[in-house]
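# Structure assessment
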Amino acid sequence: MSQFFGTVRRYRWKEFRLYIIPILILLLAMTQLLLADKDPRSSFSTKALPPIQGLIPVLGLVAFLLATNLLLSFSRLRRADQMLLPVVGLLSGIGMLMATRLGPDVNVPTQGTRQLIWIIVGVVLCMAVLFALRDMRWLRRYYYVWVLLGLALVATTLVNTLHVKNLNSPTHDQLNIGPLNFQPSELLKICIVIFFAAILAENSDIFAAGNLRIGPFRLPPVRQLIPILSMLFIALLFFLVVRELGLALLIYGIYLCMIYLGSGKFSYVAVGLVLFFLLGFLGYVLFGYVRARFQAVTFNVVDWQNWTPDQTFFAENTGLQVVQGLLALSSGGILGAGLGLGHPGFVPVVQSDMVF
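Quick caveat: nothing in here was measured; it's all calculated off a predicted structure.

Reading guide: rules and limits
- Residues numbered from 1 in each chain as written.
- Predicted model: local features only at pLDDT ≥ 70, side-chain atom pairs only at ≥ 80, totals over all residues.
- Heavy atoms only, no water.
- Helix = DSSP H or I, 4+ residues; strand = E, 2+ residues; numbered from the N terminus.
- Buried < 20%, exposed > 50% of the residue type's maximum accessible area, 1.4 Å probe, protein only.
- Contact = heavy atoms within 4.5 Å.
- Areas by Shrake-Rupley, 256 points an atom, 1.4 Å probe, with all protein chains shown as cover.
- Patch = residues over 30% accessible without salt bridge, like charges linked within 9 Å, V, L, I, M, F, W, Y side chains within 5 Å.
- Salt bridge = Lys/Arg side-chain N within 4 Å of Asp/Glu carboxyl O.
- Core = buried A, V, L, I, M, F, W, Y, C linked by side-chain atoms within 4.5 Å.
- Expected span 1.5 Å × (residues − 1).
- Axes fitted to C-alpha atoms, helices over the stretch in contact; angles between N-to-C directions.
- Parallel < 35°, antiparallel > 145°, perpendicular 65-115°, else oblique.
- Nonpolar A, V, L, I, M, F, W, Y, C, P; charged D, E, K, R; others polar.
- Bend = angle between axes of the 7 residues up to and from the residue.
- Phe/Tyr/Trp six-rings, centres within 6.5 Å; stacked < 30°, edge-to-face > 60°.
- pLDDT = per-residue confidence, 0-100.
- Polar contact = N/O pair within 3.5 Å; in protein donor to acceptor, adjacent residues only side chain to side chain.

Scanning the protein for helices and strands turns up 16 helices and 4 strands. A burial count over the protein gives 37% of its 356 residues as buried. When contacts within the protein are restricted to residue pairs at least 6 apart in sequence, long-range pairs at least 24 apart make up 72% of them. Roughly 21,300 Å² of accessible area belongs to the protein as shown, and the carbon and sulfur atoms make up 68% of that amount.

Right, let's get into a nonpolar patch on the surface. A cluster of nonpolar side chains, namely Val-274, Leu-275, Leu-278, Leu-279, Phe-281, Leu-282, Tyr-284, Val-285, Leu-286 and Phe-294, defines an oily patch on the protein surface of about 970 Å² accessible area. With 9 residues, the top contributor of residues to the nonpolar patch is helix α13 (residues 266-286). Structurally, Val-285 is set in helix α13.

Counting 23 residues, the largest nonpolar core has Leu-188, Phe-196, Phe-207, Ile-228 and Tyr-255 as the members making the most contacts within it. Those elements that provide at least two residues to this core are α7 (143-155), α9 (184-202), α11 (222-242) and α12 (245-263). The element that contributes the greatest number of residues to this core is α12, accounting for 8 residues. Here Leu-188 is in contact with Gly-150, Leu-151, Val-154, Leu-247 and Ile-251, once residues within four sequence places are set aside. Residues Met-30, Leu-61, Leu-85 and Ile-119 belong to the second largest nonpolar core, which totals 22 residues.

Residues lying three or four places apart along an α-helix face the same way, a consequence of the helix completing one turn every 3.6 residues. Taking 1.5 Å of rise per residue, the 19 residues of α9 would be expected to cover 27 Å, and the 27 Å separating its terminal C-alpha atoms lies within 8% of that figure. Those residues of α9 that fall on the buried side of the exposure criterion are Pro-184, Ser-185, Leu-188, Lys-189, Cys-191, Ile-192, Phe-195, Phe-196, Ala-198, Ile-199 and Leu-200.

Another aspect to go through is unusual backbone geometry. The backbone of Asn-107 shows a phi angle near 60°, a positive value even though the residue is not glycine. If you trace the backbone, Asn-107 turns up in the loop between α4 (84-102) and α5 (111-132). By relative accessible area, Asn-107 is classed as exposed at 62%.

Moving on, we come to the pattern of salt bridges. Under the defined criterion, the tally for this structure stands at 2 salt bridges. Put simply, Asp-105 and Arg-101 hold a salt bridge, and the shortest N to O gap is 2.9 Å. Here the two residues Asp-105 and Arg-101 agree in accessibility, since each one is buried.

This brings us to the environment of Thr-113. The residue Thr-113 is located in helix α5 in this model. The sequence separation of Thr-113 and Ala-99 amounts to 14 residues, and the corresponding C-alpha distance is 8.6 Å. Discounting chain neighbours no more than four positions away, the residues touching Thr-113 are Gln-53, Ile-56 and Pro-57.

Between helix α3 (residues 51-73) and α5, the least distance of the axes is 9 Å, while the angle of their chain directions is 10°. The orientation of α3 relative to α5 falls into the category roughly parallel. Between α3, through Gln-53, Ile-56, Pro-57, Gly-60, Leu-61, Phe-64, Thr-68, Leu-71 and Leu-72, and α5, the contact on the second element is made entirely by Gly-112, Thr-113, Leu-116, Ile-119, Ile-120, Val-123, Val-124, Met-127, Leu-130 and Phe-131. Grouping the constituent residues of the contact of α3 with α5 by class yields 14 nonpolar, 5 polar and no charged.

By secondary structure assignment, the location of Gly-89 is in helix α4. Overall, Gly-89 belongs to the buried group, its relative accessible area being 4%. Setting aside its immediate chain neighbours within four residues, Gly-89 contacts Leu-61 and Leu-65.

Looking now at helix α2 (residues 13-35). The end-to-end C-alpha separation of α2 is 33 Å, in line with the 33 Å expected for 23 residues at 1.5 Å each. When the local axis directions of α2 are compared, the greatest deviation, roughly 30°, occurs at Ile-20, which is followed within four positions by the proline Pro-22. Every buried residue of α2 is accounted for by Glu-15, Tyr-19, Pro-22, Ile-23, Leu-26, Ala-29, Met-30 and Leu-33. If you follow the buried residues of α2, they end up packed against α3 and α4.

What follows concerns the packing of aromatic side chains. The tally for this structure, following the rule as stated, stands at 4 aromatic pairs. By way of ring pairs, the aromatic residues Phe-195, Phe-196, Tyr-252 and Tyr-255 are connected into one cluster.

Of all residues in the protein, 78% attain a pLDDT of 70 or more, and the chain-wide mean is 77. Mean pLDDT across the secondary structure elements of the protein bottoms out at helix α8 (residues 158-162), with 61, and peaks at α4, with 89.

Here Arg-101 shows up in helix α4. Note on Arg-101: relative accessible area 8%, which makes it buried. A distance of 2.9 Å separates polar atoms of two side chains, one belonging to Arg-101 and the other to Asp-105.

Put into structure tokens, the structure is as follows:
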């Protein structure tokens, strides 16, 4: 009996309770998808999911998350963080629901099941890392190796970039390995986090003190500041070569978040934001495709009856994805049409940028 109560006490009840809200959201959304058949307000009919394709992803994810909770409860990793996995489960579940709902519109009914497989692969890799890296000190010891490895992986995509004749067009850091499409920048983000974390952990007191004064701002000494700024500069330099705006924004966002978490000083973030706007303006001036992104965001979708020929050409060609996405969002009003009741098929690549 005592062994039974000991087992009950070891269970990660806090994590289990945190799963309740994500599981309820996933089950309710699954029910909504299965009930959505036709929108009575429109002459367009939605492509209803067969029940089996709507059940497998959600129920599979719920079962897998609970199984992971059991594994962590009765392994040597009982003290692992109990907040992160439920949050990741919720975010991953919402993404999987969107993939499930969009499956019929992109003619891939098993889109949700495919997404579930990738979530399972990701969580399995996460568990493997937890079991393998119980001592994190060796990550700190070789932090330069990790960031150079990440940069080297992204550099492999430069071959494709150099073949692009139009330097004003964006390219994507993508490698095709058989049937798989792989983005090395995803690993670069992890390597950058390891690098920043190691630097900040070794010099936490120095960063918190901020001995270098520039006007009203206090910054870390040059010796500690140069490695971080150098790696940030190199990473952003890849943006200039690969021309991947999203990668540059993510890397800079990671830098700002970690410099604040490592020092607790908002002044560092303020200086970083000033540099961000200066670099953003420089990118706007130098690259035509950056200006095209701003043009798409500020495009007047509502006044379509008074479009000029140039605006019509933009809406039907360069800006088709964004314009159709904005129209799709506005057609649902503030609260949306309801999961499964919209018409995402009008957006050219709905499973990508405009997934929601």
